[in-house]
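Notes for the structure review
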Amino acid sequence: MQENTPDLDPDDDFDRPSKSQLKRDMTALQKLGEDLLALPESRWEPLALPEILYDALRHAKKITNFEGKRRQMQYIGKLMRKIDPEPVREAVAAFKLGHAQDSLRLHQSERWRERLLASDDALQEFLGQHADVDIQQLRNLVRAARKDAANEPEKRSGRAFRELFQFIKASEVAADE
């Protein structure tokens, strides 16, 4: 039997992407729409999104039904095809990076608090890295936090721990600037 297949010439150029590639691109745009939905609305305004996309995003935030949300996200993906996705990608990446840096800064402040409560050597090290802090206030906060930690768990207030953390966090921000 003879097959009905057209003869493909190696010189034939396919100048369009495959159907699978188009589907991957559409799925990527839909995922970008989901990432955009995760951003606060105040981050949408500088992107100069079309009004119809802006409305679709606001509507998607209100939908709680799974199937309805899925359909709305497909619609947002369809609308995303009509805009340049690069500014949106950059905004999402900048938001995620900023969030990660904030989280890292908080963890670093927590480690400093633990070290300051553990030893006096850490106090000297902290003062060496943060020369512009109020030494007396820092020592008072450390002393109060250590005193609070020595109490029984039922009698601890935790206020000194929070104040020491806030002081360290403020010092870290000032040092970064």
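So, here's what we can say about the structure. (Residues numbered from 1 in each chain as written. Predicted model: local features only at pLDDT ≥ 70, side-chain atom pairs only at ≥ 80, totals over all residues. Heavy atoms only, no water.)

**Some remarks on the nonpolar core**
Our working definition: We call a set of buried Ala, Val, Leu, Ile, Met, Phe, Trp, Tyr and Cys residues a nonpolar core when their side-chain atoms join them within 4.5 Å. For every residue, the accessible area obtained with a 1.4 Å probe (protein chains only) is divided by the maximum for its type, and the residue is called buried under 20%, exposed over 50%, and partly exposed between those limits. Numbering of helices and strands runs from the N terminus, with a helix taken as a DSSP run of H or I at least four residues long and a strand as a DSSP run of E at least two residues long. Whether two residues touch is decided by their heavy atoms; if any such pair falls within 4.5 Å, the residues are in contact.
Counting residues in each nonpolar core, the largest one holds 21 residues, and the members touching the most others are Leu36, Leu49, Met80 and Val88. Of all the elements in the fold, those that place two or more residues in this core are helix H1 (19–38), helix H2 (51–62), helix H3 (66–80) and helix H4 (86–118). When residues of this core are assigned to their parent elements, the largest contribution, five residues, is made by H2. When neighbours within four sequence positions are excluded, leucine 36 is seen to be in contact with Trp44, Leu47, Leu49, Leu57, Met80, Val88 and Val92. Leu138, Leu141, Val142 and Phe167 belong to the second-largest nonpolar core, a separate cluster that totals 15 residues.

**Observations regarding helix H5 (residues 120–129)**
Note the threshold: Directions pointing from the helix axis toward each C-beta atom define the arc. Any pair of N or O atoms that falls within 3.5 Å is considered a polar contact. Within protein, one atom must be able to donate a hydrogen and the other to accept it, and sequence-neighbouring residues count only if both atoms are side-chain atoms.
Looking only at H5, the buried set comprises Ala122, Leu123, Phe126 and Leu127. Buried residues in H5, looked at end-on, bunch into an arc of 140°, giving them a common side. Facing away from the buried side of H5, by more than 90 degrees, are the exposed residues Asp121 and Gly128. Of the surrounding elements, those touching the buried residues of H5 are H4, helix H6 (135–150) and helix H7 (159–176). The opening residue of H5, the one whose side-chain oxygen lies 3.4 Å from the backbone nitrogen of alanine 122, is serine 119.

**Topic: the packing of aromatic side chains**
Going by this rule: For Phe, Tyr and Trp, rings pair up if their centres lie within 6.5 Å, where Trp contributes its six-membered ring, and each pair is then called stacked (planes under 30 degrees apart), edge-to-face (over 60) or tilted (otherwise). Should the NZ of a Lys or the CZ of an Arg lie within 6 Å of a ring centre and within 35 degrees of the ring normal, that charge is described as sitting over the ring.
This model, assessed by the stated rule, comprises two aromatic pairs. Between tryptophan 44 and tyrosine 54 the ring centres are 5.6 Å apart and the planes differ by 85°, which places this aromatic pair in the edge-to-face class. One end of the pair, tryptophan 44, is in the loop between H1 and H2; the other, tyrosine 54, is in helix H2, and ten residues separate them in sequence. Per residue, the accessibility class of tryptophan 44 equals that of tyrosine 54, and both read buried. Against the face of tryptophan 112 rests arginine 115, its NZ or CZ located 4.4 Å from the ring centre.

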